[in-house]
Amino acid sequence: MYLASGGDDKLIMVWKRATYIGPSTVFGSSGKLANVEQWRCVSILRSHSGDVMDVAWSPHDAWLASCSVDNTVVIWNAMKFPEILATLRGHSGLVKGLTWDPVGKYIASQADDRSLKVWRTLDWQLETSITKPFDECGGTTHVLRLSWSPDGHYLVSAHAMNNSGPTAQIIEREGWKTNMDFVGHRKAVTVVKFNPKIFKKKQKNGSSAKPSCPYCCCAVGSKDRSLSVWLTCLKRPLVVIHELFDKSIMDISWTLNGLGILVCSMDGSVAFLDFSQDELGDPLSEEEKSRIHQSTYGKSLAIMTETQLSTAVIENPEMLKYQRRQQQQQLDQKGSAARETGSATSVTGVVNGESLEDIRKNLLKKQVETRTADGRRRITPLCIAQLDTGDFSTAFFNSIPLSGSLAGTMLTSHSSPQLLPLDSSTPVPFGTSKPSTEPVAATGTRPAGDSVSKDSVNAASAPAAPSPSILTTPSKIEPMKAFDSRFTERSKATPGAPALVGLTPTAMERLKEQSLVKELRPRDVLESSSDSDEKVPVTKPSSLSKRKLELEVETVEKKKKGRPRKDSRLMPMSLSVQSPAALTAEKDAVCLSVPAAALKLPMPGPQRAFTLQVSSDPSMYIEVENEVTAVGGIKLSRLKCSREGKEWETVLTSRILTAAGSCDVVCVACEKRMLSVFSTCGRRLLPPILLPSPISTLHCTGSYVMALTATATLSVWDVHRQIVVVKEESLHSILAGSDMTVSQILLTQHGIPVMNLSDGKAYCFNPSLSAWNLVSDKQDSLAQCADFRSSLPSQDAMLCSGPLAIVQGRASTSGRQAARLFSVPHMVQQETTLAYLESQVAAALTLRSSHEYRHWLLLYVRYLVNEGFEYRLREICKDLLGPVHSSTGSQWESTVVGLRKRDLLKELLPVIGQNLRFQRLFTECQEQLDILRDK
Amino acid sequence: MAKVSVLNVAVLENPSPFHSPFRFEISFECSEALADDLEWKIIYVGSAESEEFDQILDSVLVGPVPAGRHMFVFQADAPNPSLIPETDAVGVTVVLITCTYHGQEFIRVGYYVNNEYPNPELRENPPPKPDFSQLQRNILASNPRVTRFHINWDNNTDRLEAIENHDPALGCSFPLSCTPIKGLGLPGCIPGLLPENSMDCI
């Protein structure tokens, strides 16, 4: 399903049909001329040092050959672009044509050095060089496209001479004899192309069924602008068409059915010729053709392809059953999918449409603009995927937050760096503090909030703009002749470009003009910059404060968006559940304090009272009231908790700084580093725990309580079992060295703490290894390159919720678009995808998220099966299966994150069964599982 | 094969008053990551008669450009009226968006621009000295004229050679002289009858 093209830019480009984009037009062309098919370049092959003259796919598409004016032929591995298998050297002139032997044993090339060379594909060495028919050849042709007959018997050259007449030389495979040729063209033959079909005489009714010899059909094009079509069973051409073009014929191609022929010419036109079966004969079927090949050449050298694999013997009846079942399931799925598509497409259309609109609306505001060292504006473009399909990726390369369901919780981390310079009220030069996301001059004219500025600008310009009918009067526009040249003429001066060393007389003039423009240029720049200088000081104070406000409003809003996540099992704690005032104070503190060498995390200040919603379903609130004066002037603090209408309250002796709750416990951190834990009914579970330093953040999930102290140490306890999970672990190793902040904290239902940092990395603490594990990285290039679309069982299968999904916060499109976005060689793609999937499996395992572990393991195995990685697959199966015969010395655990390994294996088996290559593995596992079941 | 192809240019806020900035939303596709930045320019043609009156409104670098589809908004201030000949202030002119890589221009998008007074009275009796504050700029966004040039996208090695090849094109000093690439010399014709853009195939 590839197309290869060679160009005069020395490159070969391999293209793939992009099926997900509909017809589209080329920008600037008329709307009527839409490209029906979209092709995307998947590989660029670089090796030639000169123009590429011809490209040819080998039989069965295992190899791609290219030839060039650099006198070489290069053989590319079509399974692993851009791997080069061989470079064939030997021609001493420009190589202008290539053809593969239809059984794949040889490849032939023809060059300007008056030779035709045949190379063996076994060792890529020269088989023979034929020069005699070309001795007389004078002059050159643009191309020398030779062709091999589909039965393999004959090789026909382009431009040869016989008795000073131009011919197409017929070279027999047997002994490379050159006794015959096609004669008749008046000028050099440029192209020869055999019809891909082998024909036999049309059987006429009543005629004796005498088996006639099969024959081939060949088209010959020449510099004399005419085309001739020959049948090998006839002495004279079947048809000759003179004066078909104004210039030489450049290439010929037969349609796959062998009845049509496309011819192109130097004059820029293409001709299509249509034949009937009466004219050419009955084409042999592919089976008959391969039978001819087999009888003539024995087993063909062709590489085992997928189609041939399907004829492999199935060794086990179980396997056959699975294959059948799979097919049936696929049919069922297709049916159900077809029923569902109607509703599904409409939904996605709306969602994507909105998002695209959002991007476009905010593009100017969001795009990152900086100044280079020499003061020039530099815009970082926003990376989008396929706008045509409405599909887009969350910007990979410049992490601009796009509102997505999962991205919502992560927004806090994006906004905090912006808050830093503005809220810290440290004197920062305005121009440099912030890479202004919009032109500076525009800030002065935007008094309104950023979010509405766009609308206000529109509104402002609207009254000034009368009805468009007056304005868009194309008939009144009279373009002058002079303009036309301006559209097409290259600009004469490119300031900033290195001055060219002029070689022509006109170059001097050009240089003069260049310098003129150069003079003009700095002035322009000066003017524009002075303009902005004038505006900035005036608007600076007001705009600054307003911006600050906007930003605050924005962050609060974003946090609200992030909050509705209700995952009963875990609560992403995005610092958003507290009152806004405390929130911003805390955020600032985070930003400001972290760069210090000794880690110091923000501490919640004492408050008079605050309320906290623990969960909405069941609805559960915690209310705290500090310094409630009790009898005798003793100041007490009151903790109130209401859960689905049931209330309890208790008092503590010191002021409560922060509180947290889960369905199982409620805990509060007080002054004097005290941490108290209560049951859901308000019963104190433990005497107060003394923390090593003041509390920074407190969090509960299930019976786990996590306390992060101001000195960046982390502890997790299981209060029900009364054990420590994580003991005063320092965050130093993950926060040290750079000015990162903790943007999100998560405690999984298994008591695994996860820290999301502002640089996009997320670490979880692995209690059994007593080490921090990196579980997610926003900048992970693997995730960007991985593509396992083919392994996804269905469209929405990506959406697997769990701690990993929350931590990674990745849109469901990741892992699918890599192939659309990048032209990565398949091997690199495979490696990155494997590495990515493996890291996902490992991360899910570390987070003890069984649901996600199963999800990623299935995906990973499916990918291994699709791509045929046996060793890894075998290792996984071996681990899941474990020892079949119980042995006491075995270290094997029968479960993994709460899942029975053998059940997992049972689930994986049908997947493994999909690829016949793994039928042995499938059978082995199946049998052993059966033995185990019977025991 | 060009590494960068422009997918679309959307003219934003059109029509607009003469003094308001130009805004183009440009989306382009890059087949392979570029080592260096692209340079985009907006050139305002002050007068059809001479290139002397061309104003480079702004030039920006765009990068880094990895493979994929990208978009950005290119905003540039309105042209300086004092540099426009009075006789050419009202009427049709051209704005050009060009993009260069390594100093080689590979695409040029041209739009006709009509400057006129929206006020019917002013239109009937235009002031002898053009009143730019009253002028309305209307870009004929539906009819971009796109010209693509073949350039060398690879690093320097034979860059000089590539530039030399284009010397004749660069060398012609008169705006009215023949266009460098065959098939592009579109004679003056009214926009309604403009032939289908023939430059796409180049």
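One structure accompanies this document, and this report is about it. (Residues numbered from 1 in each chain as written. Chains lettered and ligands numbered in written order. Predicted model: local features only at pLDDT ≥ 70, side-chain atom pairs only at ≥ 80, totals over all residues. Heavy atoms only, no water.)

### Description of the overall build of chain A
- Tallying secondary structure elements over chain A gives 21 helices and 46 strands in all.
- Sequence-distant contacts, at least 24 apart, represent 52% of the contacts inside chain A between residues at least 6 apart.
- When the accessible area of chain A is evaluated, it comes to approximately 45600 Å², of which 54% is carbon and sulfur surface. (Helix = DSSP H or I, 4+ residues; strand = E, 2+ residues; numbered from the N terminus. Contact = heavy atoms within 4.5 Å. Areas by Shrake-Rupley, 256 points an atom, 1.4 Å probe, with all protein chains shown as cover.)

### Notes on the packing of aromatic side chains
- By the definition in use, this model includes 23 aromatic pairs over all chains.
- Arranged with centres 5.1 Å apart and planes meeting at 75°, the rings of Phe765 of chain A and Trp772 of chain A form a pair that is edge-to-face. Taken as a pair, Phe765 of chain A and Trp772 of chain A share a single burial class, namely buried.
- Measuring from ring centre to ring centre gives 6.1 Å for Phe22 of chain B and Tyr44 of chain B, while their planes differ by 50°; the resulting arrangement is tilted. One end of the pair, Phe22 of chain B, is in strand β3 (residues 22-30); the other, Tyr44 of chain B, is in strand β4 (residues 38-45), with 22 residues separating them in the sequence. For the pair Phe22 of chain B and Tyr44 of chain B, one class covers both residues: buried.
- Of the aromatic side chains, those joined through ring pairs into one cluster are Phe22, Phe24, Tyr44 and Tyr111 of chain B.
- Positioned over the ring face of Phe22 of chain B is Arg137 of chain B, at 3.7 Å from the centre of the ring. (Phe/Tyr/Trp six-rings, centres within 6.5 Å; stacked < 30°, edge-to-face > 60°. Buried < 20%, exposed > 50% of the residue type's maximum accessible area, 1.4 Å probe, protein only. Lys NZ or Arg CZ within 6 Å of the ring centre and 35° of its normal.)

### Some details on the pairing of strand β7 (residues 91-101) of chain B
Residue and element names in this part refer to chain B.
- Of all eleven residues making up β7, eleven are buried, and the element is well covered by its neighbours.
- Here β4 pairs with β7 via eight bridges, running antiparallel. Residue pairing for β7: Leu38 is matched across the bridge by Tyr101.
- Pairing geometry for β7 and strand β8 (residues 104-116), over eleven bridges, is antiparallel. Paired with Val95 across the two strands is Tyr111, which belongs to β8. (Pairing = 2+ DSSP bridges.)

### Brief notes about the nonpolar core
- Formed by 49 residues in total, the largest nonpolar core has its most connected members in Val861 and Ile912 of chain A.
- Where this core is concerned, the elements lending two or more residues are β43 (761-766), α15 (803-808), α17 (826-846), α18 (850-867), α19 (870-881), α20 (901-912) and α21 (919-934) of chain A.
- When residues of this core are assigned to their parent elements, the largest contribution, ten residues, is made by α18 of chain A.
- What Ile912 of chain A contacts, discounting residues up to four positions off in sequence, is Val861, Val865, Leu873, Cys877, Phe918, Leu921 and Phe922 of chain A.
- Of all hydrophobic cores here, the second largest spans 43 residues; its members include Ile26, Val65, Ala89 and Tyr117 of chain B. (Core = buried A, V, L, I, M, F, W, Y, C linked by side-chain atoms within 4.5 Å.)

### As for α18 of chain A
All names here are of chain A.
- Here α18 is 18 residues long and its end C-alpha atoms lie 25 Å apart, about the 26 Å a rise of 1.5 Å per residue gives.
- When you tally the buried positions in α18, you get 13 out of 18 residues, the bulk of the element.
- The positive-phi residue at the C-terminal boundary of α18 is Gly868, with phi of around 75°. (Expected span 1.5 Å × (residues − 1).)

### Section: the sheet that holds strand β4 (residues 52-57) of chain A
Residues and elements named next belong to chain A.
- The four strands lie next to each other as β4-β5-β6-β7, forming an open sheet whose pairing is antiparallel. Each of the sheet's edge strands pairs with one partner strand only, and the pair in question is β4 and β7 (84-88). Averaged over all pairs of adjacent strands, the angle between strand axes in this sheet comes to 15°, irrespective of strand direction.
- Where strand β5 (residues 63-68) lies against strand β6 (residues 73-77), five bridges are found, and the strand directions are antiparallel. Directly across from Leu64, in β6, lies its bridge partner Trp76. (Axes fitted to C-alpha atoms, helices over the stretch in contact; angles between N-to-C directions.)

### Here we look at the pairing of β5 of chain A
All names here are of chain A.
- The element β5 is largely enclosed, with a buried count of six among its six residues.
- Going residue by residue along β5, you find Trp63, Ala65 and Cys67 tucked away on one face and Leu64, Ser66 and Ser68 tucked away on the opposite face as well.
- Where β4 lies against β5, five bridges are found, and the strand directions are antiparallel. Its bridge partner lying in β5, Ala56 is registered against Ala65.
- Connecting β4 to the next strand, β5, in antiparallel fashion are five residues, including His60 with a positive phi near 65°.

### Some remarks on the sheet that holds strand β24 (residues 270-274) of chain A
Residue and element names in this part refer to chain A.
- Within the open sheet, the three strands sit side by side as β22-β23-β24. Their pairing is antiparallel. The open sheet has two edge strands with one neighbour each: β22 (249-254) and β24. Taking the axes of each pair of neighbouring strands and ignoring which way they run, one obtains an average angle of 20° across the sheet.
- Inspection of the sheet shows strand β23 (residues 260-265) paired to β24 by five bridges, in the antiparallel sense. By the bridge assignment, Leu262 is partnered in β24 with Phe272.

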